[in-house]
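# Chain and residue survey
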Amino acid sequence: MIRKGTSNDINSIIEITKACALKMIANTIFQWNEFYPNKEAFQKDVKRKELYVLEIENKILGCITVSTFMDAEYLPICWLTPNKNNIYIHRLAVHPDFQGKGYAQQLMTFAENFAKENHYTSVRLDTFSENLRNQKFYELRGYQKLGNIYFPKQSESPFNCYELVL
């Protein structure tokens, strides 16, 4: 079941994202670290009512942020659609113990359906340039790679921006 996330979910979500970060670091993917993602980001997501969690048998296995807010870092990208009426995906995570079971696909399908049902023109996101698994995941869903941005607190390497026109 996918439902709106609450402030009571944040500790469980942080456990998931820390486990994901450790798994990525073990695979020499330095996408997440001690600075990101953090509780403040998820608290902001809850306040904006943009955080969703995947819960099975009262256990949170994953999360996704489905936002209408465009980060300033995205401004230089030549997007396929105008910078209005877009959805932005952030902080997609599934606990490593439950990866490879289609849960990330379910979360993305939920976000894309939300965007379609609410008449958004596209779904936008970024993923780490060195995370080839994530890039393939999004490209197989029809997302187009459009350019790079940087988040210096996360990595010196760029993040690839993707867009799916609905």
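For the structure itself, look to the data block above.
Model, not experiment: these values are computed from the prediction.

### Overview of the overall build of the protein
Tallying secondary structure elements over the protein gives 4 helices and 7 strands in all. In sequence order, the protein lays out its α and β elements as β-α-α-β-β-β-α-β-α-β-β. Reported as C-alpha extents along the three principal axes, the dimensions of the protein are approximately 40 × 35 × 30 Å. By residue count, 49% of the 166 residues in the protein fall in the buried class. Restricting the contact set of the protein to residue pairs at least 6 apart, pairs at least 24 apart contribute 68%. Looking at the protein as shown, the accessible area adds up to about 8900 Å², and 52% of this sits on carbon and sulfur atoms. Counting 20 positive and 18 negative side-chain charges, the protein places the centres of these two groups 3 Å from one another.

### Describing the sheet that holds strand 2 (residues 51–56)
Read across the open sheet, the 7 strands follow the order 1-2-3-4-5-7-6; overall the sheet is mixed. The strands lining the two open edges of the sheet, one partner per strand, are strand 1 (2–4) and strand 6 (144–149). Averaged over all pairs of adjacent strands, the angle between strand axes in this sheet comes to 30 degrees, irrespective of strand direction. Contacts from helix 3 (residues 103–117) reach strand 1, strand 2, strand 3 (59–67), strand 4 (86–94), strand 5 (122–128) and strand 7 (159–165), with the element oriented near 165 degrees to strand 4. In this fold helix 4 (residues 132–140) packs onto strand 4, strand 5, strand 6 and strand 7, with an angle of close to 165 degrees to the strand it touches most, strand 5.

### Focus: helix 2 (residues 39–47)
For helix 2, the set of buried residues is Ala41, Phe42, Asp45 and Val46. The arc that holds the buried residues of helix 2, viewed along the axis, is 140 degrees, so those residues lie on one side. Exposed side chains of helix 2 directed beyond 90 degrees from the buried face belong to Glu40 and Lys47. Each element contacted by the buried residues of helix 2 is listed here: helix 1 (10–26), strand 2, strand 3 and strand 4. Of the residues that open helix 2, the one with a side-chain oxygen 3.2 Å from the backbone nitrogen of Glu40 is Asn38. Of the residues flanking the end of helix 2, it is Lys49, one or two places downstream, whose phi is positive at about 60 degrees.

### Here we look at the nonpolar core
In terms of nonpolar packing, the biggest core is built from 27 residues, with Trp32, Phe42, Cys63, Tyr74 and Ile149 touching the most fellow members. Mapped onto this core, the elements with two or more residues apiece are helix 1, helix 2, strand 2, strand 3, strand 4 and strand 7. The biggest single contributor to this core is helix 1, with 7 residues. In this view, Cys63 contacts Ile13, Phe42, Leu51, Tyr52, Val53, Arg91, Leu92, Ala93 and Leu107; residues no more than four positions away in its chain are not counted.

### Focus: helix 1
Helix length check: helix 1, at 17 residues, gives a terminal C-alpha distance of 24 Å against a target of 24 Å (1.5 Å per residue), a fit within 8%. All of the buried residues in helix 1 are Ile10, Ile13, Ile14, Ile16, Thr17, Ala19, Cys20, Ala21 and Met24. Check the buried side of helix 1 and you find it contacts helix 2, strand 2, strand 3 and strand 4. Thr28 lies just past helix 1 and shows a positive phi near 55 degrees.

Parameters at a glance
Residues numbered from 1 in each chain as written. Predicted model: local features only at pLDDT ≥ 70, side-chain atom pairs only at ≥ 80, totals over all residues. Heavy atoms only, no water. Helix = DSSP H or I, 4+ residues; strand = E, 2+ residues; numbered from the N terminus. Buried < 20%, exposed > 50% of the residue type's maximum accessible area, 1.4 Å probe, protein only. Contact = heavy atoms within 4.5 Å. Areas by Shrake-Rupley, 256 points an atom, 1.4 Å probe, with all protein chains shown as cover. Lys, Arg positive; Asp, Glu negative; His and termini not counted. Charge placed at Lys NZ, Arg CZ, Asp CG, Glu CD. Pairing = 2+ DSSP bridges. Axes fitted to C-alpha atoms, helices over the stretch in contact; angles between N-to-C directions. Arc of directions from axis to C-beta. Polar contact = N/O pair within 3.5 Å; in protein donor to acceptor, adjacent residues only side chain to side chain. Core = buried A, V, L, I, M, F, W, Y, C linked by side-chain atoms within 4.5 Å. Expected span 1.5 Å × (residues − 1).

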